[in-house]
Amino acid sequence: MKDKIEIKQCDITDLNVDVIVNAANKSLLGGGGVDGAIHRAAGPGLVEECRKLNGCETGNAKITGGYNLPAGFIIHTVGPVWQGGKKEEENLLSSCYKRSLEIAAEKQSKTIAFPNISTGIYGFPKEKAAGIAISTVTSFLNQHPEIEKVIFAIFDKENYEIYQDLLLS
Ligand code: AR6
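Every chain begins its residue count from 1, and numbering advances along the sequence as written. Only residues with pLDDT of 70 or above have their local features reported here, since the model is predicted, and side-chain atom pairs are shown and tallied only from 80 upward, although totals for entire chains, interfaces and linings are computed over all residues. Side-chain calculation: all heavy atoms of the structure are included, whereas hydrogens and water are not.

A closer look at the overall build of the protein chain
To keep things clear, this is the line we draw: For helices the rule is a DSSP run of H or I covering at least 4 residues; for strands it is a run of E covering at least 2, with both sets numbered from the N terminus onward. Put simply, the radius of gyration uses C-alpha atoms, and a globule should come to 2.2 Å times the residue count raised to 0.38. Burial status follows relative accessibility: with a 1.4 Å probe on protein chains alone, a residue under 20% of its type maximum counts as buried, one over 50% as exposed, and anything between as partly exposed.
For the protein chain, the count of helices and strands is five helices and six strands. Secondary structure elements of the protein chain, listed N to C terminal, follow the sequence β-β-α-α-β-β-α-β-α-β-α. For 169 residues, the compact-globule estimate of 2.2 N^0.38 gives 15 Å, and the protein chain sits close to it at 14 Å. Each principal axis of the C-alpha atoms in the protein chain carries an extent, and together these give about 45 × 35 × 30 Å. Burial statistics for the protein chain: of 169 residues in total, 49% are counted as buried.

Thoughts on the packing of helix α3 (residues 89–106) against helix α4 (residues 126–143)
The packing of two helices is summarised by the inter-axis angle and the distance between the axes. Under the convention used in this document: Orientation is described by lines fitted to C-alpha atoms, with helices fitted over the stretch in contact, and by angles between N-to-C directions that extend from 0 to 180 degrees. Helix crossings are classified by the rotation of the near helix relative to the far one: an anticlockwise turn of less than a right angle makes the crossing left-handed, while a clockwise turn makes it right-handed. It only takes one pair of heavy atoms within 4.5 Å for two residues to be counted as in contact. Here the nonpolar group is Ala, Val, Leu, Ile, Met, Phe, Trp, Tyr, Cys and Pro; Asp, Glu, Lys and Arg are the charged ones; every other residue, Gly included, is treated as polar.
Viewed as axis vectors pointing N to C, α3 and α4 meet at an angle of 35°, and their least axial separation amounts to 9 Å. For α3 against α4, the interelement crossing comes out right-handed. Contact residues: Glu90, Leu93, Ser94, Tyr97, Lys98, Leu101, Glu102 and Ala105 in α3; Lys128, Ala129, Ile132, Ala133, Thr136, Val137 and Phe140 in α4. Its residues assigned to classes, the contact of α3 with α4 shows nine nonpolar, two polar and four charged.

Points about the pairing of strand β2 (residues 19–24)
Using the following cut-off: In this analysis, strands are considered paired if DSSP registers two or more bridges between them.
Summarising burial for β2: five of the six residues are buried, a large majority. Pairing analysis gives six bridges linking β2 to strand β4 (residues 73–78), with the strands arranged parallel. Residue Ala23 lies in a different strand from β4, and its bridge partner there is Thr77. Strand direction decides the pairing type here: β2 and strand β5 (residues 111–114), joined by two bridges, are parallel. Within β5, the residue paired with Ile20 across the bridge is Ala113.

Quick word on the environment of Ile154
Among the structural elements, Ile154 can be located in strand β6 (residues 149–154). Expressed as a C-alpha distance, the spacing of Ile154 and Pro115, which sit 39 residues apart in the sequence, is 6.1 Å. Residues in contact with Ile154, not counting those within four places in the same chain, are Ile7, Lys8, Gln9, Cys10, Asn116, Asn159, Tyr160 and Tyr163.

Quick look at the pattern of salt bridges
In plain terms, the rule: One speaks of a salt bridge when a side-chain nitrogen belonging to Lys or Arg is within 4 Å of a carboxyl oxygen belonging to Asp or Glu.
In this structure the tally under the stated criterion is eight salt bridges. Its salt-bridge partner being Lys128, residue Glu90 comes within 3.6 Å of it at the nearest N-O pair. Taken together, the residues Glu90 in helix α3 and Lys128 in helix α4 connect sequence positions 38 residues apart. Residue classification places Glu90 among the partly exposed residues on the basis of a relative accessible area of 33%. Notably, a salt bridge pairs Glu161 with Lys157, separated by 3.2 Å at the nearest N-O pair. Of this pair, Glu161 and Lys157 both sit in helix α5 (residues 157–168), four residues apart, which is roughly one turn of that helix. Through salt bridges that share partners, Glu6, Lys8 and Lys149 make up one connected network.

Structural notes on the sheet that holds β4
Strand pairing in a sheet is mediated by backbone hydrogen bonds. Such pairs are either parallel or antiparallel. Spatially, β1-β6-β5-β2-β4-β3 is the arrangement adopted by the six strands of the open sheet, whose pairing is mixed. At either margin of the open sheet sits one strand with a lone partner, and together these are β1 (5–9) and β3 (61–65). Neighbouring strand axes in the sheet, compared pairwise and without regard to direction, differ in orientation by 25° on average. In the packing of helix α1 (residues 33–42) onto the sheet, contacts are made with β2 and β4, and the angle to β2 comes to roughly 130°.

Focus: the site of the ligand
Formally: Definition of nearness: a residue and a molecule or strand are near each other if at least one heavy atom of the residue lies within 4 Å of the molecule or strand. Within 3.5 Å is the distance limit for a polar contact, defined as a pair of N or O atoms, with the added protein rule that one can donate a hydrogen and the other accept it, and that residues adjacent in sequence qualify only through two side-chain atoms. Only the protein chains shown count as cover for residues, with accessible areas throughout obtained via the Shrake-Rupley method and a probe of 1.4 Å.
The ligand sits among 23 residues. The nearest are Asn25, Gly32, Val34, Asp35 and Ile121. Between the ligand and Val34, the relevant distance is 2.8 Å, taken from an oxygen atom to a main-chain nitrogen or oxygen of the residue. The backbone of Ile121 places a nitrogen or oxygen atom 2.8 Å from an oxygen atom of the ligand. In isolation the ligand has 700 Å² of accessible area, and contact with the protein removes 91% of it. Elements with a minimum of two residues in the shell around the ligand: β2 and α1. Here the element with the most residues in the shell around the ligand is α1; it accounts for four residues.

Now the structure itself:
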């Protein structure tokens, strides 16, 4: 399955894939980090559509159009805020990847790009988050051969090195 997983050091808003995933907050109305970058690049139509979604629970995901992005759709998922690890953060992070992939598969998407959900402003430990991301994506790909490619769109050097180590090991 590892041939279907790619790591790319890039800005996720530049990717020409079927779906990009956004690391959003429960309001789904925009914010900083990758969320801010996606809203800026997509344009004002995105927040208008997001207003109609009534927010989203942590660990779940909702889909919108891609507007001015090269990607066809955006799946907005809400990662957990790291609170020390005793508040179901690991299960909730895994659920973000799984729900996003389920929604992408329902839309017949073949290529999906993820940012490193929760590892910025939300403070999830990067190594632990990478392990959860890779194992959740790998087990989904095993059950869904129709998905052709999952890209981890990585912004910072530290995450890039962690993913390289984990995927090459
Ligand atoms: N492309 C790819 N990855 C990016 C980009 C980009 N353009 N910009 C940042 N990253 P964060 P979170 C990486 O903070 O921790 C927002 O305000 C970044 O290096 O964006 O889930 C939301 O509205 C990091 O590895 O998301 C929420 O309130 C990763 O994206 C809150 O932040 C995630 O960092 C969510 O926090």
